[in-house]
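# Architecture at a glance
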Amino acid sequence: MTTNAFADLGPVRHAGPDATEDLGYRWYDKDRIVLGKRMEEHLRFAVCAWHGFCWPGSDVFGAGTFDRPWLAGANDATAAAAKRSALFDFTQRLDVPFYCFHDVDIMADADGIADFRRNFAEAADDLERLQGETGLRLLWGTANLFSHPRYMAGAATNPDPQVFAWAASQVRDALEATHRLGGANYVLWGGREGYETLLNTDMARELDQLGRFLSLVVEHKHRIGFSGTILIEPKPMEPTKHQYDRDVATVFAFLQRYGLDTEVKVNIEANHATLAGHSFEHEIATAAAFGIFGSIDANRGDPQNGWDTDQFPNSVEEMTLAMLEVLRAGGLTTGGFNFDAKVRRQSIDLADLFHAHVGAIEVVAHALLRAAAIIEDGRLDAFKRERYAGWGDAFGQEIVPLDLAALADLAAARSLAPPPRSGRQEWLENLLNRF
Ligand code: XUL
Ligand code: CO
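How each quantity is defined
- Residues numbered from 1 in each chain as written.
- Chains lettered and ligands numbered in written order.
- Predicted model: local features only at pLDDT ≥ 70, side-chain atom pairs only at ≥ 80, totals over all residues.
- Heavy atoms only, no water.
- Phe/Tyr/Trp six-rings, centres within 6.5 Å; stacked < 30°, edge-to-face > 60°.
- Buried < 20%, exposed > 50% of the residue type's maximum accessible area, 1.4 Å probe, protein only.
- Lys NZ or Arg CZ within 6 Å of the ring centre and 35° of its normal.
- Domains from an automatic or database assignment.
- Donors = N, O, S within 2.8 Å, 3.2 Å for Na, K, Ca; no water.
- Tetrahedral: all angles 85-135°; square planar, octahedral: opposite > 155°, others 65-115°.
- Helix = DSSP H or I, 4+ residues; strand = E, 2+ residues; numbered from the N terminus.
- Near = heavy atom within 4 Å.
- Polar contact = N/O pair within 3.5 Å; in protein donor to acceptor, adjacent residues only side chain to side chain.
- Areas by Shrake-Rupley, 256 points an atom, 1.4 Å probe, with all protein chains shown as cover.
- Nonpolar A, V, L, I, M, F, W, Y, C, P; charged D, E, K, R; others polar.

Enumeration according to the criterion identifies 23 aromatic pairs in this entry. Where Phe-254 meets Tyr-258, the ring centres are 5.0 Å apart and the plane angle is 50°; that geometry is what we call tilted. Residue class for Phe-254 comes out buried when judged on its relative accessible area of 8%. On the accessibility criterion, Tyr-258 (19% relative accessible area) is buried. The structure contains a cluster of three or more aromatic residues connected by ring pairs, namely Tyr-25, Tyr-28, Phe-45, Phe-312, Phe-337 and Phe-339. For Arg-68, the ring lying beneath its charged end belongs to Phe-66, and the centroid distance is 4.3 Å. The ring centre of Trp-166 lies 3.4 Å from the NZ or CZ of Arg-150, which sits over that ring.

What follows deals with the domain arrangement of the protein. Along its sequence, the protein is carved into domain 1 (33-377) and domain 2 (382-433). Taking the mean C-alpha position of each, domain 1 and domain 2 sit 41 Å from one another.

What follows concerns the coordination of the cobalt ion (ligand 2). Angles at a metal have ideal values that depend on geometry: 109.5 degrees with four tetrahedral donors, 90 or 180 degrees with six octahedral donors. Around the cobalt ion (ligand 2), the protein supplies Glu-233 (OE), Glu-269 (OE), Asp-297 (OD) and Asp-340 (OD) as donor atoms, at distances of 1.9 to 2.1 Å. The coordination sphere of the cobalt ion (ligand 2) comprises 6 donor atoms, whose angles at the metal cover 82 to 171°; the geometry is octahedral. The sequence pattern describing where the donors of the cobalt ion (ligand 2) fall on their chain is E-x35-E-x27-D-x42-D. With Asp-297 in strand β11 (residues 293-297) and Asp-340 in the loop between β12 (337-339) and α11 (350-377), this residue pair connects regions lying 43 residues apart in the sequence. This pair shows no difference in class: Asp-297 is buried, exactly as Asp-340 is.

What follows is about the site of ligand 1. Within the structure, ligand 1 sits among Trp-50, His-102, Trp-140, Trp-189, Glu-233, Lys-235, Glu-269, His-272, Asp-297, Asp-308 and Asp-340. In this structure, Glu-233 approaches ligand 1 through a side-chain N or O atom, which is 2.7 Å from an oxygen atom. In this structure, Asp-340 approaches ligand 1 through a side-chain N or O atom, which is 2.7 Å from an oxygen atom. Considering ligand 1 on its own, with 300 Å² of exposed area, one finds that the protein chains cover 99% of that surface. In the shell around ligand 1, the residues fall into 3 nonpolar, 2 polar and 6 charged.

Next up, the structure:
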């Protein structure tokens, strides 16, 4: 099965700010220099196999609605090959540099461990061929340790050590394939690493199992010489009620406890941040503060829904705030912007897949330009610097070495009466809106 499914769609190119075609970039201009770097290098866009090419448009009330040639029939070797070609063809037509995959996204279904490994190895060989033919690169690989029923009670945190070993087999193969394919990162999202009820869960034991599993992954990364970044993807709930990798701060505490905080970074997903009751930019800033900012899964939730709707980002305003934190963190290094998002169930045409990605790419590119303009303007950052300037003054320096009692005595001796100062939030918001 070959795919000329997209024959009439794309390639999508930068068509200038006045372009009128739907499938042309007005903002995304990959060679444009922004803050000294090409836009393509700033943003490192990736298409994900899972949402765009595996999900059939099903929900809990109904069957798949998408009639894609690569989803027809069983997920056998022929269909999996067609899906891989479609993924590469699509990504090329969008003119973005990266793709991402879970092992099961790109291979034929298999239940037994030997068949699973063989099918995955064949699929990985084909990815290598496709990369060679197209020049596309791998942003990250990962293993799906959450869909198969064997993982219903967790993978690394499963009460059954046989399941732990199965997970190790999948991750060893996925990590080695990612290495061979020149992947920039390897992701672990703990899909079923969490619990439903403490009535059947030994939490302390499960956390130790998860810590051990991650240590084994890091050890293996070094053994095979993989130089990419290992990333954990925080998420607070769904599928399990309590996920162990709840948010960035929780993941950092976990990494510290198991001595992995210099080995592992985070892949931050916008909709996971909002599910945790945080803003997307808060999670990026938290990761930057802890020195573990790695990569981005770009999408959005629905403010009226409490679940992971995985919609494509469409607010330049919100994305600008996130982009400011990305730039303040020094920008992306091995990470990228992966569109971990799906079209709505009624968006059944292949053209909808293009409109979704093109719109999201435009939002992120536009946000980059706005964030860069804000940084170049400098007033926002100058205000923040000025707000903390007291710490660089004589008094600020004088108190650095003092203990609590000496500090207290000094405050009394000098009758300190610090004058209140406005935080100027509204002025700052107005300033932001001028960009
Ligand atoms: C699930 C999710 C995953 C991870 C990779 O919510 O975001 O696609 O990105 O397993
Ligand atoms: Co994700």
